[in-house]
Amino acid sequence: NYKEVDDPSVTVQFQLVDHPNTYFLAWTTTPWTLPSNLALMVGPEINYVKVRRGEKIYILAEQRFEANFKGEGEIVGHVLGKELNGTRYVPLFPFFAERAKEGAFRMLLEDSVSVEDGTGVVHCAPAFGEIDFFVCKRENIEPVCPVDSNGHFTLEVPSYAGMLVKDADKEIIRDLKRQGSLFAAGTLRHRYPFCWRSDTPLIYKAVRTWFVSV
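Everything quoted here is computed from the prediction, not taken from an experiment.

Colleague: When you look at the packing of aromatic side chains in this model, what are you seeing that I'm missing?
Modeller: When we look at a pair of aromatic rings, we describe it by the centre distance and by the angle of the planes. What the rule picks out here adds up to 14 aromatic pairs. Ring centres 6.3 Å apart and planes at 85° place the aromatic pair Phe93 and Tyr160 in the edge-to-face group. Residue Phe93 is found in the loop between strand S6 (74-80) and strand S7 (107-109), and its partner Tyr160 is found in the loop between helix H2 (130-138) and helix H3 (169-178); the two are separated by 67 residues along the sequence.

Printed below as a string of structure tokens:
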């Protein structure tokens, strides 16, 4: 039961650990998954650029430069995706920041990353996306899932606890803007799946399941 809906479209800046004035730019239409971010993904053979705007430097795919900067930035460097592998960045939120000691919050390589839209840098929340899940599993990054079976945030993310995830989008975007992590925001009209019984939006969510061989 797919419908044409308007969802928030945000581009978020992730600060590099070793270069505080440099940021990865990642785009998403599911801001509610950002508190569960554990990694970023780039295409190993995609060309990326370093763009200076003001005092900050941003990293994104070369093919997405014009769409995101509209002539307002200056390209000051080039880098191949595979050269970014393992680059560490600062967590957007404090909820799971301790996972950095276990290898989270770093750049990963993934061949399926596209430059058709967004920035060519993909935000990775392994509990809420199939590719995210398997890439993090490959890298031994355990998923976090602060969403219950009814689609509400749990106490693991106290700022949004009890809120329906789709309703939390505005609060999360507001917090990103307040802390200076929001690069751009808008809306995107696209097809989104709804439950054919209850007519409510569906989400991807990892669940534990037993499979019995008979």
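Colleague: I tried to follow unusual backbone geometry on my own but got confused; where do I start?
Modeller: Backbone phi values are negative for most residues with the exception of glycine, while trans is the configuration of most peptide bonds. The phi dihedral of Lys70 falls on the positive side, at around 50°, and the residue is not glycine. Its location among the elements puts Lys70 in the loop between helix H1 (65-69) and S6. Judged by its relative accessible area of 63%, Lys70 is exposed.

Colleague: Would you take a moment to explain the nonpolar core for this structure?
Modeller: Where a protein is soluble and globular, its nonpolar side chains tend to be buried together. The biggest cluster of nonpolar side chains holds 48 residues, and the ones touching the most others in it are Phe14, Phe24, Tyr48 and Phe153. Mapped by element, the contributors of at least two residues to this core are strand S1 (2-15), strand S2 (22-28), strand S3 (39-42), strand S5 (56-61), S7, strand S8 (121-124), H2 and H3. Not counting chain neighbours up to four residues away, the residues in contact with Phe14 comprise Thr22, Tyr23, Phe24, Ala26, Leu34, Asn37, Leu40, Tyr89 and Leu92. Core analysis: the second largest hydrophobic core is formed by nine residues, Tyr23, Leu25, Phe69 and Phe183 among them.

Colleague: Teacher, can you tell me more about the sheet that holds S6 here?
Modeller: Strand pairs in the sheet, formed through backbone hydrogen bonds, run parallel or antiparallel to each other. The strand order S6-S4-S5-S2-S1-S9 describes an open sheet built from six strands, whose pairing is mixed. Where the open sheet ends on each side, the last strands, each with one partner, are S6 and strand S9 (182-193). Sheet twist, expressed as the mean angle between neighbouring strand axes with direction ignored, is 25°. Packing against the sheet, H3 makes contact with S1 and S9, and its axis sits at approximately 20° to S1.

Colleague: Help me understand the pattern of salt bridges in this model?
Modeller: Any two side chains of opposite charge can pair if their charged atoms end up close together. Applying the stated criterion across every chain yields a total of 12 salt bridges. A salt bridge links Glu45 to Lys82; its shortest N-O distance comes to 3.7 Å. Within this pair, whereas Glu45 is found in the loop between S3 and strand S4 (47-53), its partner Lys82 is found in the loop between S6 and S7, the two being separated by 37 residues in sequence. Salt bridges sharing common partners tie together Arg106, Glu110, Arg138 and Glu139.

Colleague: I would appreciate a short explanation of the state of the cysteines in the present structure.
Modeller: Note: disulfide means a covalent bond formed between the sulfur atoms of two cysteine side chains. One pass over the full model with this rule turns up zero disulfides. The closest cysteine sulfur to the non-disulfide-bonded Cys124 is located on Cys136, 3.5 Å from its own sulfur. Here Cys145 stays free of any disulfide, with the sulfur of Cys136 as its closest cysteine sulfur at 13 Å. A relative accessible area of 27% means that Cys145 is categorised as partly exposed.

Colleague: How should the side chain of Ser181 be read in this particular structure?
Modeller: Within the secondary structure layout, Ser181 lies in the loop between H3 and S9. Each residue touching Ser181, except ones within four places of it in the same chain, is listed here: Thr11, Val12, Gln13, Leu92 and Leu176.

Colleague: I would appreciate a short explanation of the environment of Phe153 in the present structure.
Modeller: Residue position: Phe153 is located in the loop between H2 and H3. Looking at Phe153, the relative accessible area reads 3%, which means it is buried. Phe153 sits 24 residues away from Lys177 along the chain, and the two C-alpha atoms are 21 Å apart. Filtering out sequence-adjacent residues up to four positions away, Phe153 remains in contact with Trp32, Pro146, Val147, Tyr160, Ala161, Gly162, Met163, Val165, Ala168 and Ile172.

Conventions used here
Residues numbered from 1 in each chain as written. Predicted model: local features only at pLDDT ≥ 70, side-chain atom pairs only at ≥ 80, totals over all residues. Heavy atoms only, no water. Phe/Tyr/Trp six-rings, centres within 6.5 Å; stacked < 30°, edge-to-face > 60°. Helix = DSSP H or I, 4+ residues; strand = E, 2+ residues; numbered from the N terminus. Buried < 20%, exposed > 50% of the residue type's maximum accessible area, 1.4 Å probe, protein only. Core = buried A, V, L, I, M, F, W, Y, C linked by side-chain atoms within 4.5 Å. Contact = heavy atoms within 4.5 Å. Pairing = 2+ DSSP bridges. Axes fitted to C-alpha atoms, helices over the stretch in contact; angles between N-to-C directions. Salt bridge = Lys/Arg side-chain N within 4 Å of Asp/Glu carboxyl O. Disulfide = S-S within 2.5 Å.

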